[in-house]
Every structure is written in C-alpha cells, then in structure tokens.
Amino acid sequence: APWRSSMIVRTRFAPSPTGYLHVGGARTALFAWLYARHHGGQLILRIEDTDRERSTAASIDAILDGLAWLGLDYDEGPFYQSERFERYREYATRLLDEGLAYRCYCTREELEHMRVEQRARGDKPRYDGRHRNFKGTPPKGVDPVIRFKNPLEGEVVVDDIIRGRMAFANSELDDLVIVRPDGTPTYNFTVVVDDLEMEISHVIRGDDHINNTPRQINILRALGAQLPRYAHLPMILAPDGQRLSKRHGAVNVMQFRAQGYLPDALVNYLVRLGWSHGDQEIFSRAEMIELFEVAQVNRAAAAFDIEKLQWLNQHYIKAAEPVALAPLLGEQLDALGVEHREGPALAEVVRVLRERAKTLHEMAQNSVYFFREFEHYDEPAAKKFLKPGVDEIFRKLREPLAVLEPWSAAAIHETIAAAAEDMGLKLGKVAQPLRVAVSGRSFSPPIDETLALVGKERTLARLDRATAYVNQKNYQA
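Read on for a plain summary of the structure. Counting from 1, residues in each chain are numbered in the order their sequence is written. Side-chain atom pairs in this predicted model are given and counted only at pLDDT of 80 or more, local residue features only at pLDDT of at least 70, and totals for whole chains, interfaces and linings cover all residues. Calculated side-chain values reflect all of the structure's heavy atoms, with hydrogen atoms and water omitted.

Turning to the pairing of strand β5 (residues 145-148), a few remarks are in order. For every residue, the accessible area obtained with a 1.4 Å probe (protein chains only) is divided by the maximum for its type, and the residue is called buried under 20%, exposed over 50%, and partly exposed between those limits. By the criteria applied, helices consist of DSSP H or I runs no shorter than four residues and strands consist of E runs no shorter than two, each listed in order from the N terminus. Alternating positions in β5 separate into two faces, V145 and R147 on one and I146 and F148 on the other, with burial throughout. One ladder, built from two bridges, connects β5 with strand β8 (residues 177-179); its direction is antiparallel. Residue pairing for β8: R147 is matched across the bridge by V177. Paired strands, in this sense, are two strands between which DSSP finds at least two bridges.

Set out below in structure tokens:
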C-alpha cells in the first residue's frame, strides 16, 4: 500500500537533543536542505528526544539556534518524538494484532545467560526468538518488551544513492525490541513511524546509521509503506584521521560564531566536505541549490581543514558590506571587554581591516587600539622603530597635525608627506615610527586611515607618549 500521496521530495533532519549542533549534524542538515531546495521539495525538522535521560531543553535550543544562524530554514516542524508516544503505541498494537510483532517475556538474566552460551559456542550474541511463537501463560511479574518479527529468510537490499547496492541477510538481523518494558518505543521504531507518517521520500543521514537501515526497511515493509530512498553520508574526520570530536576544537557550530566565522563561510565550507563541482571553491547559496546532487557526494570520509575554512572566511569578510559586519565586530569587541561606543564607526574599522582578517575575532583583536589605550609597545616594533632621533620626527609631525582641520585621511596624508619632504626623508621612514607610536605595533592599515580612525586627540597624546618613551630610552642609554 503506497502511502506517499505524491512524488514530491521530502527530506528530514532529525537530531537527538543530547548536545549542541555539531559540524557533522550541520552538514547533514545542509545536504538535506539543499536536496529539498534543489528539487522544489520540503525539509522537515524532527527532534528525536525519546531518550528522556539525555535530552535537554538547552540542547534543543542550541540545535534550533545553530540552524537559524546557518540560515537553514525548514518547512515543517519541529516535531518532537516525545509528544508522539500515542501514535507509536497505535502502530505497535497494529503489528501485534497482525502477528508481525510479539511480546517477549525474557528477563535480563535469561538474556544474559543466552549471550554467554552463544559466546561459548562461538556464535554471534543475539536474541534467539524463543518467544516468537509463544502460546503459553505469561510468567508473573515480568513486564514484557514487544519485538518485531523480522523475516527469517532472504535479504534486504538497499540501493543507497551514495554507496550503491548494499545487501543484508535477514538471518543476520534478530527480532528487534520496538517497545520497552515501560511502554516507551525504541529509536528504530519511532524513526520508522515518523518517516512513514511524515511522508519522507529521501533519508539523508550519516553512515553511522547504515546498520539501522535494513531493520527500519523491514518494519516499513511490514507496515505496508512505500520505502524512502536512502543516502548515507561519509564521516567527517579530524586532520589526524580520527573521528572529529570535541578535542579537535570547535565542533559546535555556535563556537564558530563565537570565534568570528561568518555563517556563509561555514556553509560554503560544509558543502565542500564530500561534494564538489569541478574546481569551484566559492558557492553562493543559489549556486549550491542549483548544482547540488546528493548522488555526487563522495563515499570516502572527508577531513576537516581549519585553514581552508579560514581562507573561505577571509573571502566572505572581504566580500561583505562593512555595515553588515559592524554589529558582529561589536559583539567580538564586547567579548574582549572593549568599550567601542565612543570610538570610530565600526563599519569604518571593518573597511580598513577586512583585507587582513581571517576571522572577526582576529579583526577585533587588531582594532583594540582604535578604542582604548594599549598597555605597551610590541617589543620588536619598538626596538626597530622607536630609536634615538625619532623624537625629532615626532616633533616635526606634531605641529602640523595639531592644527590640522579637517581631520580626514586625505588631509593627514598630505601633512605627513609634506613633513617627510621637509625633513628630506622617504615617506616610509616617517610612517613606520608613527605607526608604532599610534598603534603600538608595526602593522596597521595605511597610516592616514589609521590616524583618521584613532582620532586627533588620541593621535597627539600617543605622539607625546612615544616621544617621552624615546627620550627615556636615550636617557637610559
């Protein structure tokens, strides 16, 4: 009995809320989203929170925040499995009534004894089906589980969109528990009921689920369902070839936000983890939707490469409108404890710093001197540029800068160039010591832009500070 009313593409993202949205989950969500958007279909968000012990409201929020930040919108949901227990009970009852499931009264001890004996014989430990056709009186004091009657013969063939044909012998699959003794449904059963009721046409998920697939297919068939197509995505590995985990740094997508990555950069990075289109590296969302096909996803595991993500992030920082990045730079400065509301306009700071910043966090660190005093000069910079005799240059610069109106980059440039010519020095010989004096370091945006943003009062005060520093060093020498 086909149950899908139409051939419209319906994918689903179905995280378990036992933690935040991690990189692997985000890529799965992205691929399901792209597949649905490419085919003019729908993405359904389902929260698989039947594990009452480990599921938390904070995790649900973290997952929803992660999807929102990445801009992955869904068409239906979120549906919560914890609110659907009545439906699962109805399907379990139906399978019992049709003789496709049965109550099993084995105690924990009996199951353990069974496993010990099987191991001793060198068999694979598994349930032996002893209550499959049980007609006797149920033993007292045992809350039974409900098991699915898995077919005993034949095989389950999965025509995986990514991995191709996979065959599983039914004799290798035992009779799966679908309802626990306390009446709660198990993972593999809730997934089947939901995929059926939500009319899911394509199940796109990590290849850690491959062993669940034949079990789920057998239950779907028993329920007379039309099967979805399956696509199992390869793992994401850390650079050392291990499975990506917490110890490899930011695996929580919101951590990337905190570190100053842009969502477009992370999405662009994730789409290239296992999928490609020629040699193209930069994809707009519209291009991804147009070009993405899950069948082209590579079977091999993809390695996470932070340098490539930084390269992409730098591209997106450069390409963005400074005014759009200004509030994000503000968040980064807030995180550093830097009061920025009195200083130069954040969009201007973005404009002069965006060429060099791999992340907004780095940009914030490089802009602190625009907003507050720096504690000390960068040592190599001071050694090289704040040398005896430089105080003379500072004095010659201070006078024209003190009377300069308007305080603009163009006017500042002319003033510095004129002073350099006066002293018979190349512009760099004047600009570099000046840069260290006003920023505390040897690199900054062009010197005229730097002074314009630091502001007149601060520039003059810092010139005086640097002059005193050079004199102090002369005195000590």
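Between G77 and the following residue, P78, the backbone shows a cis peptide bond with an omega angle of 5°. Take P78: it is sitting in strand β3 (residues 76-80). Residues E405 and P406 are joined by a peptide bond in cis, for which omega reads -10°.

Turning our eyes to something else, we now look at the side chain of R462. You can see R462 is positioned in helix α20 (residues 456-476). In protein, a polar contact requires one atom able to donate a hydrogen and another able to accept it; more generally it is a pair of N or O atoms within 3.5 Å, and residues adjacent in sequence count only if both atoms are side-chain atoms. Of the polar contacts made by the side chain of R462, one reaches the backbone oxygen of V438; its length is 2.7 Å. Working rule for contacts: check all heavy atoms of both residues, and any pair within 4.5 Å makes them a contact. Not counting residues within four places of it along the chain, the set of residues in contact with R462 comprises Y369, R372, E373, F374, Y377, A437, V438 and V454.

Time to look at the side chain of T467. Secondary-structure assignment places T467 in helix α20. Within the structure, T467 has its side chain in polar contact with the backbone oxygen of L463 (distance 2.7 Å). Discounting residues that sit within four places of it in the chain, T467 has contacts with D391, F394 and R395.

This brings us to the packing of aromatic side chains. Here a pair means two rings of Phe, Tyr or Trp (six-membered ring of Trp) with centres within 6.5 Å. Their orientation is stacked below 30 degrees between planes, edge-to-face above 60, and tilted elsewhere. According to the stated counting rule, one finds 11 aromatic pairs in the structure shown. Taken together, a centroid distance of 5.3 Å and an interplanar angle of 55° make the contact between W275 and F283 tilted. Here the two residues W275 and F283 agree in accessibility, since each one is buried. Chaining the aromatic ring pairs together yields one cluster made of F31, W275, F283 and F292. Its guanidinium or amino end placed over the ring of Y127, R147 lies 3.6 Å from that ring's centre, counting from NZ or CZ. One cation-aromatic arrangement involves R465 over Y377; the distance from NZ or CZ to the ring centre is 5.2 Å. Two conditions define a charge sitting above a ring: the NZ of Lys or the CZ of Arg must be within 6 Å of the ring centre, and it must be within 35 degrees of the ring normal.

To continue, consider the pattern of salt bridges. Between Lys or Arg on one side and Asp or Glu on the other, a salt bridge is scored when a side-chain nitrogen of the former is within 4 Å of a carboxyl oxygen of the latter. Taken as a whole and assessed by the stated rule, the structure comprises 39 salt bridges. Ionic pairing is found between R87 and E90, a salt bridge with its closest N-O pair at 2.4 Å. Within this pair, R87 and its partner E90 are both found in helix α3 (residues 85-97), separated by three residues, close to a single helical turn. For the salt bridge of R341 with E339, the shortest nitrogen-to-oxygen distance reads 3.5 Å. Residues joined in a network through salt bridges with shared partners are R12, R46, E48, R84, R87, E90, D194, D195 and E197.

Purely geometric stuff here, so don't read any function into it on its own.
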